[in-house]
Amino acid sequence: MADILSLVLLCILFPVSLLYVSGCDRLKGGRA
Amino acid sequence: MSLNGWLQIALFIALILLMAKPMGLYMTRVFTGRRTWLDPVLVPCERLLYRITGIDPEHEMRWTEYAAVMLVFSAATLVLTYAVERLQNHLPLNLQHLPAVAPDLALNTAISFTTNTNWQAYTPETTMSYLTQMLGLATHNFWSAAVGLALAIAFIRGIAGREKKTLGNFWVDLTRGTLWVLLPISTIFALVLVSQGVVQNLHRYDTATLVEPQQQTTTGADGKTVTTTVTTQTIAQGPVASQEAIKMLGTNGGGFFNANSAHPFENPTPLTNFLQLLSIFLIPAGLTVTLGQMVGSPKHGWAVLAAMTVLWFAGVLTCFWAEAQPNPLLHNVDQHVSLTQSGGNMEGKEVRFGIANSALFATVTTDASCGAVNAMHDSFTPIGGMVPMVNILLGEIVFGGVGAGLYGMLVFVVISVFIAGLMVGRTPEYLGKKIEAYDVQMSMLYLLIFPLIILGFAAVAVLMPNLGLSSLANHGPHGLSEILYAYASATGNNGSAFAGLNANTHWFNYSLGVAMFIGRFLMIVPMLAIAGNLAGKKIVPETAGTFPVTTPMFTLLLTGVILIVGALTFFPALSLGPVLEHLLLHAGHTF
């Protein structure tokens, strides 16, 4: 169960970081 | 404060300043693709690696691609470490038959080593097998340092670039940083450490019979005390030197043993202690010279190095002074330095290192994002302990971690130039690049994430008794310092512990894990965004109104901005922690 929680956390953190990259780029008005 | 102590501190900084230039020039050659004396051996290795992995070294990356590839690489290596930890009981080189690492601790540790933090909520010698130490943790000591180095170089390329859309190739920077910088130096350093007595083997732990048996009293679950006689001691060992070298050089800090660099197998002699200190600052100091070389303004690199040196000196002076003071609660006790005693506060310090080397180590390890310790920061005086905490809270930009220190400092440079521009009413420029709204927005994002995570998580831990307070060994302002330090250390990717806090709980493992993750990756992204934006700009010619970034005035402004931002952000929390504890200590209260 705790393994699943850990992997779920990772599955949230990394995609959110990639979205964050895209968001910072869009703030400039560039392409994502 | 002894003269002997000051001489050692002076020798340390003199050698760092002497080594900065050759190290910086060497790294400039490595990252600009110029010839080095290691090329005949390493270029074939590099080409082979690219051929095996299908990497095109000529491919240039925009900042978004650079960031995305870095994130994917970090995710993959993080999962590898997590898997090794969870499966170590089924894998070879588990000579002590240690069980699998618990899931929350395994996640915390995997994030910790991936992010160059090396926070250790576990006792290594009783938790990690040799395979986990080598394949799961020591590899990250190389990778995370190489990632930091690559990011700093990408930022420098952003400053130096003229109307370019790209920052280089992450894989090339990662490979060259590892092969040309980290591997050769850490190999030589590991051999030097072995020559001094640092252990390097794959033996099972030894058992020694005590010369004098010890009585040990423990309290059982039923509340009854049981006294047992201990007649043997387990002597832990393993492949220590190979991990120790990169632990310091890569500003990682995760000890092979729980006692870290206070352990005689990790740091056996005064020489190893001095070399470990030098290796922490070697690459960060050199990177300032690399900055100056790559942007075509060597004096700018020296100006940044000067700001770092000023802040380092302020820290070591305060810490050494505070630790050398007599304890005000010990009346009628001679606490002066003499041939028979170190004087001052020796609690939590190794007698063989004394006050000067403990204060210097604590300052250096937290100026950089190293986190290795040779003394217990928790046992420092309130002001002495505040110095490492402040160093971390300033963002670890005083020399800083490998790469991370320089790019953190450069974000402060952008803010300083912006403020200087506001003061004279001109559009701010940094080495010919106009600093515009987007650059300042990203800089502020970088600066705000850091205190938000530290103060936010610390507030939750303090306000929820079952989460944070139950883990404390000390209460009052000292307890607040312990929690504040933990989140500062995690978010700043330092990894040193103030101690006195049981961090191996579900709450701390997960919350500190998230803090480490955000403190690394969510701060890198806006930094790379600034670099990408700067790379695309035109160089405008310098005029009489341009604020020079090569003068003592710039060094002074940069130092002032760093201190003011840090003070405005964290002064209230510091007032309730170490400052209050200092005042109460002199009023006769301890915690």
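Thresholds, definitions, all that
- Residues numbered from 1 in each chain as written.
- Chains lettered and ligands numbered in written order.
- Predicted model: local features only at pLDDT ≥ 70, side-chain atom pairs only at ≥ 80, totals over all residues.
- Heavy atoms only, no water.
- Helix = DSSP H or I, 4+ residues; strand = E, 2+ residues; numbered from the N terminus.
- Buried < 20%, exposed > 50% of the residue type's maximum accessible area, 1.4 Å probe, protein only.
- 1 Å grid on protein atoms, 1.4 Å probe; cavity = no way out; pocket = protein on both sides within 12 Å on 5 of 7 lines; lining within 4 Å.
- Points joined across faces, edges and corners; volume = space filled by probe spheres on them.
- Nonpolar A, V, L, I, M, F, W, Y, C, P; charged D, E, K, R; others polar.
- Pairing = 2+ DSSP bridges.
- Contact = heavy atoms within 4.5 Å.
- Buried area = accessible area lost by both parts, 1.4 Å probe.
- Salt bridge = Lys/Arg side-chain N within 4 Å of Asp/Glu carboxyl O.
- Polar contact = N/O pair within 3.5 Å; in protein donor to acceptor, adjacent residues only side chain to side chain.
- Core = buried A, V, L, I, M, F, W, Y, C linked by side-chain atoms within 4.5 Å.
- Expected span 1.5 Å × (residues − 1).

Notes on the overall build of chain A
Then, in step 1: Summing up its helical and strand segments, chain A has one helix and zero strands in all.
Then, in step 2: Considering only C-alpha atoms, chain A reaches an extent of 40 × 10 × 5 Å along its principal axes.
Then, in step 3: The buried share among the 32 residues of chain A stands at 31%.

Digging into the layout of surface pockets
All names here are of chain B.
Then, in step 1: By volume, the largest pocket amounts to about 600 Å³.
Then, in step 2: Surrounding the largest pocket, 34 residues form its lining, Gln120, Asn258, Met376, Ala497 and Ala499 being those nearest its centre.
Then, in step 3: For the lining of the largest pocket, the element with the highest residue contribution is helix H15 (residues 476–491), accounting for three residues.
Then, in step 4: The class makeup of the residues in the lining of the largest pocket is 17 nonpolar, 14 polar and three charged.
Then, in step 5: Roughly 510 Å³ of volume is contained in the second largest pocket.
Then, in step 6: The wall of the second largest pocket is formed by 24 residues, among which Asn327, Phe380, Thr381, Pro382 and Leu585 lie closest to the centre.
Then, in step 7: Those elements giving two or more residues to the lining of the second largest pocket turn out to be helix H10 (298–324), helix H12 (382–393) and helix H17 (552–586).
Then, in step 8: Per-class residue counts for the lining of the second largest pocket are ten nonpolar, eleven polar and three charged.

Quick look at the pairing of strand E1 (residues 206–219) of chain B
Residue and element names in this part refer to chain B.
Then, in step 1: Burial runs low along E1: only zero of the 14 residues are buried.
Then, in step 2: As defined by bridge partners, E1 adjoins strand E2 (residues 225–235) across ten bridges and the pair is classed as antiparallel. Among the inter-strand pairings, Gln216 is bridged to a residue of E2, identified as Thr228.
Then, in step 3: The turn joining E1 and E2, which pair antiparallel and follow one another in sequence, is formed by five residues; a positive phi near 90° is taken by Gly223.

What about the interface of chain B and chain A?
Then, in step 1: Between chain B and chain A, the contact holds 27 residues from the first and 18 residues from the second.
Then, in step 2: Note on chain B versus chain A: buried area summed over both sides is about 2200 Å², and carbon and sulfur give 76% of it.
Then, in step 3: Sorting the residues of chain B by area buried against chain A places B:Arg62, B:Tyr438 and B:Phe517 first, and these three jointly supply 23% of that buried surface.
Then, in step 4: Of the charged contacts, one joins B:Arg86 and A:Asp3 as a salt bridge, the two residues approaching to 2.7 Å between their closest N and O atoms.
Then, in step 5: The interface formed by chain B and chain A includes seven residue pairs in polar contact (both at pLDDT 80 or more).
Then, in step 6: For the side of chain B that touches chain A, the secondary structure elements donating two or more residues are helix H3 (63–86), helix H4 (103–114), helix H14 (437–463) and helix H16 (506–535) of chain B.
Then, in step 7: It is H3(B) that contributes the most residues to the side of chain B that touches chain A, eleven residues altogether.
Then, in step 8: Of the residues assigned to the side of chain B that touches chain A, the class counts are 21 nonpolar, four polar and two charged.

Comments concerning the nonpolar core
Residue and element names in this part refer to chain B.
Then, in step 1: Phe12 and Trp312 are the most contacted members of the largest nonpolar core, which totals 191 residues.
Then, in step 2: The element contributing the most residues to this core is H16, with 20 residues.
Then, in step 3: Non-local contacts of Phe12, meaning those with residues more than four positions away in its chain, are made with Phe274, Leu277, Leu278, Phe281, Trp312, Leu360 and Val364.

Observations concerning the environment of B:Thr81
All names here are of chain B.
Then, in step 1: Relative to the helices and strands, Thr81 resides in helix H3.
Then, in step 2: As for Thr81 and Ile111, which are separated by 30 residues in sequence, their C-alpha atoms are 8.9 Å apart.
Then, in step 3: Ignoring any residue separated from it by four or fewer positions in sequence, one finds Thr81 in contact with Ala110, Gly136, Leu137 and His140.
Then, in step 4: At a separation of 2.9 Å, a polar atom in the side chain of Thr81 contacts the main-chain carbonyl oxygen of Gly136.

A look at H4(B)
Then, in step 1: Spanning twelve residues, H4(B) covers 16 Å between terminal C-alpha atoms, matching the ideal 16 Å at 1.5 Å per step.
Then, in step 2: Burial analysis of H4(B) places twelve of its twelve residues in the buried class, which makes it a mostly covered element.
Then, in step 3: Looking only at H4(B), the buried set comprises B:Pro103, B:Asp104, B:Leu105, B:Ala106, B:Leu107, B:Asn108, B:Thr109, B:Ala110, B:Ile111, B:Ser112, B:Phe113 and B:Thr114.
Then, in step 4: Here the buried face of H4(B) lies against helix H1 (2–28) of chain A together with H3, helix H5 (124–127), helix H6 (130–160) and H16 of chain B.
Then, in step 5: Just downstream of H4(B), B:Asn116 is the residue with a positive phi angle, here 65°.

Some remarks on unusual backbone geometry
Where the residue is not glycine, phi is negative for most of them; where a peptide bond is considered, it is trans in most cases.
Residue and element names in this part refer to chain B.
Then, in step 1: In the Ramachandran plot, Thr251 falls in the positive-phi region, its phi being about 45° despite a non-glycine side chain.
Then, in step 2: Of note, Thr251 is situated in the loop between helix H8 (240–249) and helix H9 (270–294).
Then, in step 3: By relative accessible area, Thr251 is classed as buried at 0%.
Then, in step 4: Unlike most non-glycine residues, Asn332 shows phi in positive territory, near 55°.
Then, in step 5: With respect to the secondary-structure elements, Asn332 resides in the loop between H10 and helix H11 (354–367).

With respect to the pattern of salt bridges
It is possible for side chains of opposite charge to pair when their charged atoms get near one another.
Then, in step 1: Using the criterion set out here, one finds twelve salt bridges over all chains in the structure.
Then, in step 2: Residue B:Arg62 pairs with A:Asp25 through a salt bridge whose shortest N-O separation is 3.2 Å. With one member in each of two chains, B:Arg62 in the loop between helix H2 (39–53) and H3 and A:Asp25 in helix H1 form a pair that bridges those chains. Across this residue pair, the class does not change: B:Arg62 and A:Asp25 are buried.
Then, in step 3: The salt bridge involving B:Lys537 is made with B:Asp439; its shortest N-O contact spans 2.4 Å. Residue B:Lys537 is found in the loop between H16 and H17, and its partner B:Asp439 is found in helix H14; the two are separated by 98 residues along the sequence.

Here we look at the environment of B:Phe313
Residues and elements named next belong to chain B.
Then, in step 1: Residue position: Phe313 is located in helix H10.
Then, in step 2: A relative accessible area of 40% means that Phe313 is categorised as partly exposed.
Then, in step 3: As for Phe313 and Ala10, which are separated by 303 residues in sequence, their C-alpha atoms are 9.9 Å apart.

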